[in-house]
Amino acid sequence: MEEKQTEICACHKTKKRDEAEYKKLINRLNRIEGQIRGIKRMLENDAYCPDILVQAAAANAALNSFNKELLSNHIHTCVVNDIKEGKEEVIDELMDTLQKLMR
C-alpha cells in the first residue's frame, strides 16, 4: 500500500492587525463581495454585456484599491520592522510579491 505524505510548512507567517486596520480591510472586502454578488445577479437577470463589464471593472478597481491599502500597511509595518531587525530577505519577499501583483 502506497503511503501519502504531506509536508507542513513550519515557516507560515501571520500578522496581528490592530482593530482599525482590520475593520478597514474587512469593510473593503465586504463592499467588494457585495459588488460581486451584484454582478452575479446581473448575469442571472440577463443584463446587457457592457453593463456587466462596467460593474466587473468597478469590482476589479475596488480589489486593486484593497491590494494597495494592504501593501502599504505591509511595507509600513512588516517590512520596516524586519529591516530594523536586520532581516533584509524581506526585500526579496516584497519584490516577489510586487511581481505577482503586476501580472
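Residues numbered from 1 in each chain as written. Predicted model: local features only at pLDDT ≥ 70, side-chain atom pairs only at ≥ 80, totals over all residues. Heavy atoms only, no water.

(A) Structural detail: the overall build of the chain. The helix and strand inventory of the chain stands at 3 helices and 0 strands. Element order for the chain, N to C, with α for helix and β for strand: α-α-α. Classification of the 103 residues of the chain by burial places 16% in the buried group. Nonlocal contacts in the chain, meaning residues at least 24 apart in sequence, comprise 52% of its contacts between residues at least 6 apart. Accessible area of the chain: about 9000 Å², with a carbon and sulfur share of 54%. (Helix = DSSP H or I, 4+ residues; strand = E, 2+ residues; numbered from the N terminus. Buried < 20%, exposed > 50% of the residue type's maximum accessible area, 1.4 Å probe, protein only. Contact = heavy atoms within 4.5 Å. Areas by Shrake-Rupley, 256 points an atom, 1.4 Å probe, with all protein chains shown as cover.)

(B) Structural view of helix H1 (residues 19-44). Across its 26 residues, H1 extends 37 Å between first and last C-alpha, which sits within 8% of the 38 Å expected from 1.5 Å per residue. Every buried residue of H1 is listed here: Glu21, Leu25, Arg28, Ile32, Gly38 and Ile39. Check the buried side of H1 and you find it contacts helix H2 (49-84). Taking the backbone nitrogen of alanine 20 as reference, a side-chain oxygen 3.1 Å away marks aspartate 18 as the first, capping residue of H1. (Expected span 1.5 Å × (residues − 1). Polar contact = N/O pair within 3.5 Å; in protein donor to acceptor, adjacent residues only side chain to side chain.)

(C) Highlighting H2. Taking 1.5 Å as the rise per residue, H2 with 36 residues should run 52 Å; its terminal C-alpha atoms sit 51 Å apart, in good agreement. At isoleucine 75, H2 shows its maximal kink, close to 35 degrees. Along H2, the residues that are buried comprise Ile52, Ala59, Phe66, Glu69, Leu71, Asn73, Val79 and Asp82. Among the structural elements, H1 and helix H3 (89-101) are those in contact with the buried residues of H2. Glycine 86 sits one or two positions beyond H2 and adopts a positive phi of about 80 degrees. (Bend = angle between axes of the 7 residues up to and from the residue.)

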